[in-house]
Amino acid sequence: MFIGRRCVKRISKTHSPERKLQHFIGQIGKKYVDSQLGASSFPFTAVEFLCSSIFDMIEGLIVPHLCLASVQAMFGTTPNIKHIVIGRCFTYTTLVQTGSRYDCEEIWRQFEKAVVQRSSCNVTEEHYFKMFNMMPQIWPCDRFLFWSKTRMLVHSYAAVFRHFWTLEDTLVGYLFNDLIWCGQEEDSDFDFNYCPAWSTCRTHPVYSLWKHASKNFAEMACGNITVLLNGSIVNAFNRKSMFGSVELDSLNPQRVNYVNIKVVTNPEGPHIESCSRGSVVELIQILCSRGFRWTCTDNDLTLVILQCIQDLNQPSCKMLANSLLQQKDLTTT
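Draft legend 1. Geometry of the overall build of the chain. Within the chain one finds 14 helices and six strands. Here the chain holds 333 residues, and 50% of them are scored as buried. Look at the contacts in the chain between residues 6 or more apart in sequence, and 77% of them connect residues 24 or more apart. Surface accessibility of the chain: about 16,300 Å² in total, with carbon and sulfur atoms responsible for 54%.

Draft legend 2. Here's a closer look at the state of the cysteines. Counted by the stated rule, this structure contains six disulfides. Through a disulfide, C89 is tied to C104; the S-S separation comes to 2.1 Å. The sign of the -80° torsion about the S-S bond sets the C89-C104 disulfide as left-handed. Of this pair, C89 sits in helix 5 (residues 81-96) while C104 sits in helix 6 (residues 104-115), and the two are 15 residues apart along the sequence. Per residue, the accessibility class of C89 equals that of C104, and both read buried. Here C121 connects covalently by a disulfide to C201, the sulfurs 2.1 Å from one another. In this structure the cystine formed by C121 and C201 twists about its S-S bond by roughly -90°; its chirality is therefore left-handed. Separated by 80 residues along the polypeptide, C121 in the loop between helix 6 and helix 7 (129-133) and C201 in the loop between strand 3 (187-190) and helix 10 (205-220) bring together distant segments of the chain.

Draft legend 3. Structural context of the sheet that holds strand 1 (residues 145-148). Spatial strand order, 1-4-5-6: four strands in an open sheet with parallel pairing. A single partner strand is all that each edge strand has here, and the edge strands are strand 1 and strand 6 (293-298). Looking at each pair of strands side by side, their axes are set apart by 20° on average, direction ignored. Pairing analysis gives six bridges linking strand 5 (residues 256-264) to strand 6, with the strands arranged parallel. Within the sheet, the bridge partner assigned to V259 lies in strand 6 and is W294.

Draft legend 4. Looking closely at unusual backbone geometry. Here the amide bond leading from G269 into P270 is cis, since omega sits at -5°, within 30 degrees of zero. Topologically, P270 is positioned in the loop between strand 5 and helix 12 (279-289). A positive phi angle, close to 60°, is found at N80, a residue other than glycine. Relative to the helices and strands, N80 is located in the loop between helix 4 (63-66) and helix 5. Judged by relative accessible area, N80 falls into the exposed class, the value being 54%.

Draft legend 5. Examining the packing of aromatic side chains more closely. Inspection of the entire model under this criterion finds 18 aromatic pairs. Measuring from centroid to centroid gives 5.4 Å for F111 and W181, while their planes differ by 75°, and the two rings are edge-to-face. Of the two residues, F111 sits in helix 6 while W181 sits in the loop between helix 9 (171-176) and strand 2 (183-184), which places them 70 residues apart along the sequence. Taking relative accessible area as the criterion, F111 reaches 0% and is therefore assigned buried. The interplanar angle of 75° and the centroid separation of 6.3 Å between the aromatic rings of F161 and F164 together place this pair among those described as edge-to-face. Judged by its relative accessible area of 10%, F164 falls in the buried class.

Draft legend 6. Up close: the confidence of the model for the chain. Mean pLDDT over the chain stands at 82; residues scoring 70 or higher make up 77%. Ignoring residues within four places in sequence, the model shows residues 1-18, a span with pLDDT below 50, making 26 contacts including any to other chains. Long-range and interchain partners of residues 28-73, a stretch whose pLDDT sits below 50, account for 90 contacts in this model, where long-range means more than four residues apart.

Draft legend 7. Expanded view of helix 8 (residues 151-160). Of all the 10 residues making up helix 8, eight are buried; the element is thus mostly covered by neighbouring parts of the structure. Turning to helix 8, its buried residues are R151, L153, V154, H155, S156, Y157, A158 and V160.

Draft legend 8. Focus on the packing of helix 10 against helix 11 (residues 242-250). Where helix 10 meets helix 11, the closest approach of the two axes is 7 Å, and the angle between their N-to-C directions is 40°. Overall, the two elements helix 10 and helix 11 adopt an arrangement that is oblique. Here helix 10 and helix 11 pass one another in a crossing that is right-handed. Contacts between helix 10 and helix 11 involve Y207, W210, K211, S214, K215, A218 and E219 from the first element and M242, V246, E247 and S250 from the second.

Draft legend 9. Region of the structure containing the nonpolar core. Core analysis: the largest hydrophobic core is formed by 61 residues, its most contacted members being F111, Y128, M131, F146, F176, W181 and L209. For this core, the element with the highest residue contribution is helix 10, accounting for eight residues. If we ignore the near neighbours within four places in the chain, the residues touching Y128 are F111, A114, V115, V123, W181, P205, V206, S208 and L209. Counting 12 residues, the second-largest nonpolar core is a separate cluster that includes Y157, V160, F164 and L228.

Draft legend 10. Looking closely at the environment of W181. Classification of W181 by relative accessible area gives buried; the value is 0%. Spatially, the C-alpha atoms of W181 and V116 are 9.6 Å apart, while their sequence positions differ by 65 residues. Within the structure, W181 has its side chain in polar contact with the side chain of Y128 (distance 3.0 Å).

About the thresholds
Residues numbered from 1 in each chain as written. Predicted model: local features only at pLDDT ≥ 70, side-chain atom pairs only at ≥ 80, totals over all residues. Heavy atoms only, no water. Helix = DSSP H or I, 4+ residues; strand = E, 2+ residues; numbered from the N terminus. Buried < 20%, exposed > 50% of the residue type's maximum accessible area, 1.4 Å probe, protein only. Contact = heavy atoms within 4.5 Å. Areas by Shrake-Rupley, 256 points an atom, 1.4 Å probe, with all protein chains shown as cover. Disulfide = S-S within 2.5 Å. Pairing = 2+ DSSP bridges. Axes fitted to C-alpha atoms, helices over the stretch in contact; angles between N-to-C directions. Phe/Tyr/Trp six-rings, centres within 6.5 Å; stacked < 30°, edge-to-face > 60°. pLDDT = per-residue confidence, 0-100. Parallel < 35°, antiparallel > 145°, perpendicular 65-115°, else oblique. Left-handed = near helix turned anticlockwise from the far one by under 90°. Core = buried A, V, L, I, M, F, W, Y, C linked by side-chain atoms within 4.5 Å. Polar contact = N/O pair within 3.5 Å; in protein donor to acceptor, adjacent residues only side chain to side chain.

Shown next as structure tokens:
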């Protein structure tokens, strides 16, 4: 109740329908999420994280972490990339993974050696091996969260359930998220004028790094893992995506207990794929053939609430609120 009121206060000072809906979803979200985690799972209730992370996102405070920008052609290496990478490294070791010890300067040097004085289509995974060897990480089981075409939502979800870790939460993911880079064969520096798109070649410097990072992340996965897919697009599971082409093949059925698939559609639709329709069925067949146990859920309530808090005017969100209100009335009468 307190959290719901506090979140609403940040949005509006009037008793608008949106405010009432927000207050109600806050109450429902607390009951549902706490029932999934247990009220004592974390030092703060799960709905605190849900409210604060979503509203921070709405207010633009964490947009850089969740932005949808992808590596495109016609842009050169990200300006000040050295300062960004080394700065992120110190931030990670100081604030994110407190107590971890990494040589940030040497990590940068090994990264630089892998890229500079090579053409934009001549950097392989092997060129990054020394850099990766300098940043080993091992995560506890049951925390691995994979995704495809659901970037913004998956990081909101991870912000609520803080025990989840995505690739972007690893050191290498944290350092290079949203950056662009490439070298030039005739110069001992990065090319700040032009870098080709990933699709140009299979040995693109950005693609090679993320491919190896994704492979390492999937190979570490153990216990129950979660995969979040977008049911509002054709090929929610795409064999050409990083998850479909690299991470899935790197999962070990002897280390992974269950693959928990969550298919979520946009509140406004379209509703194209689900656990029983489209490419998700192909994913399930692949998992079965490799000996994985799996579950699949369509439109998980927590994910729907996260989406509705961001866009309360969607008809499906209003319908959800009305349905939950009716259930609440039935239980109180």
